[in-house]
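Structural description and commentary
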Amino acid sequence: LWKGRLELSLSARGLMGHLTRMVSKPTNLADGKSTGCSPSSPDKIKAVQTYEKELAEWLKKYAIVKQQNAVMLLDSLFVKLLSKPTAKDYYDMLKAQFEQQSLVFSAELW
């Protein structure tokens, strides 16, 4: 039930790719370069501005995915998520937790 609600909510917002990591974080153009290096050409300046805009949008959407995970849970489960660094880690931990409970419940029915 939890998984279906989360996936429906994220799909409706076009954010499933952030959960499954199909949408990756924008690549920083300065990776591997000194931090004092500043772009000098108009093309480089535009590339940096584009990166900053894309990163801000990605971070906003990523925060929504993490928030959607959190609001669908009891506090006792949410506390377990606080140590997880990514939305995918949130999802994987919760999926494992609920699948394990499902198996225990099914075994008790037999």
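Along each chain, numbering runs from 1 in the same order as the chain's sequence is written. Given that the model is predicted, a residue must reach a pLDDT of at least 70 before its local features are reported, and side-chain atom pairs must reach 80 or more before they are shown or counted; all residues, however, enter totals for whole chains, interfaces and linings. Hydrogens and waters are ignored; side-chain quantities use all the structure's heavy atoms.

1. Side note on the overall build of the chain
A tally of regular secondary structure across the chain gives five helices and zero strands. Listed N to C, the secondary structure of the chain is α-α-α-α-α in terms of helices and strands. Throughout, exposure labels follow a simple rule: accessible area from a 1.4 Å probe, protein chains only, divided by the maximum for the residue type, with under 20% read as buried, over 50% as exposed, and the rest as partly exposed. Within the span of the chain, comprising 110 residues, buried residues form 25% of the whole. Throughout, a residue-residue contact means that at least one pair of heavy atoms, one from each residue, lies within 4.5 Å. A separation threshold of at least 6 residues defines the contact pool for the chain, and within that pool the share at least 24 residues apart is 62%. Note on areas: Shrake-Rupley with a 1.4 Å probe; residue coverage comes only from the protein chains shown. If you sum the accessible surface of the chain, you get close to 8,000 Å²; carbon and sulfur atoms cover 58% of it. Helix and strand definitions follow DSSP, with helices as H or I runs of at least four residues and strands as E runs of at least two, each counted in order from the N terminus.

2. Overview of the confidence of the model for the chain
Taken as a whole, the chain shows an average pLDDT of 80; of its residues, 82% reach a score of 70 or greater. For the chain, the element scoring lowest by mean pLDDT is helix α5 (residues 87-109), at 69; helix α3 (residues 42-71) scores highest, at 89. Every residue in residues 104-110 scores below 50 in pLDDT, and together they form zero contacts with partners more than four places removed in sequence or on other chains. Along the chain, pLDDT gives the predictor's confidence residue by residue, from 0 to 100.

3. Overview of the packing of aromatic side chains
Aromatic ring pairs are reported here in terms of the distance separating the ring centres and the angle at which the planes meet. Stacked, edge-to-face and tilted labels apply to pairs of Phe, Tyr and Trp rings (six-membered ring for Trp) whose centres lie within 6.5 Å, assigned for plane angles under 30 degrees, over 60, and everything in between, in that order. What the rule picks out here adds up to one aromatic pair. Ring centres of Trp 58 and Tyr 62 lie 4.7 Å apart, and the angle between their planes is 10°; on these two criteria the pair is classed as stacked. Linking Trp 58 with Tyr 62, this pair stays in helix α3, spanning four residues, or about one helical turn. Each member of the pair Trp 58 and Tyr 62 is classed as buried.

4. As for the packing of helix α1 (residues 2-12) against α3
Whenever a helix is involved, its axis is fitted only over the stretch in contact; in every case the axis is a line through C-alpha atoms, and angles between N-to-C directions fall within 0 to 180 degrees. Packing of α1 against α3 brings their axes to within 10 Å, and their N-to-C directions diverge by 150°. Of the possible angle classes, the one that applies to α1 and α3 is roughly antiparallel. α1 and α3 meet at a crossing whose hand is right-handed. Each of Trp 2, Leu 6, Ser 9 and Leu 10 in α1 lies in contact with α3, whose residues at this interface are Val 65, Gln 68 and Asn 69. Any angle from 65 to 115 degrees is called roughly perpendicular, while one under 35 is roughly parallel, one over 145 is roughly antiparallel, and all others are oblique. It is the rotation of the near helix from the far one that decides the hand of a crossing: anticlockwise by less than a right angle makes it left-handed, clockwise makes it right-handed.

5. Focus on unusual backbone geometry
Even without being a glycine, Arg 21 presents a positive backbone phi close to 70°. Among the secondary structure elements, Arg 21 is positioned in the loop between α2 (16-20) and α3. Residue Arg 21 is classed as partly exposed on the basis of its relative accessible area, which comes to 49%.

6. A look at the side chain of Ser 9
Tracing the backbone shows Ser 9 in helix α1. The class of Ser 9 is buried, set by a relative accessible area of 10%. Of note is the side chain of Ser 9, whose polar atom sits 2.6 Å from the side chain of Arg 13. What Ser 9 contacts, discounting residues up to four positions off in sequence, is Gln 68 and Met 72. Each polar contact in these results corresponds to two N or O atoms within 3.5 Å; when the atoms are within protein, one needs to be able to donate a hydrogen and the other to accept it, and residues that are neighboring in sequence are counted only if both atoms are side-chain atoms.

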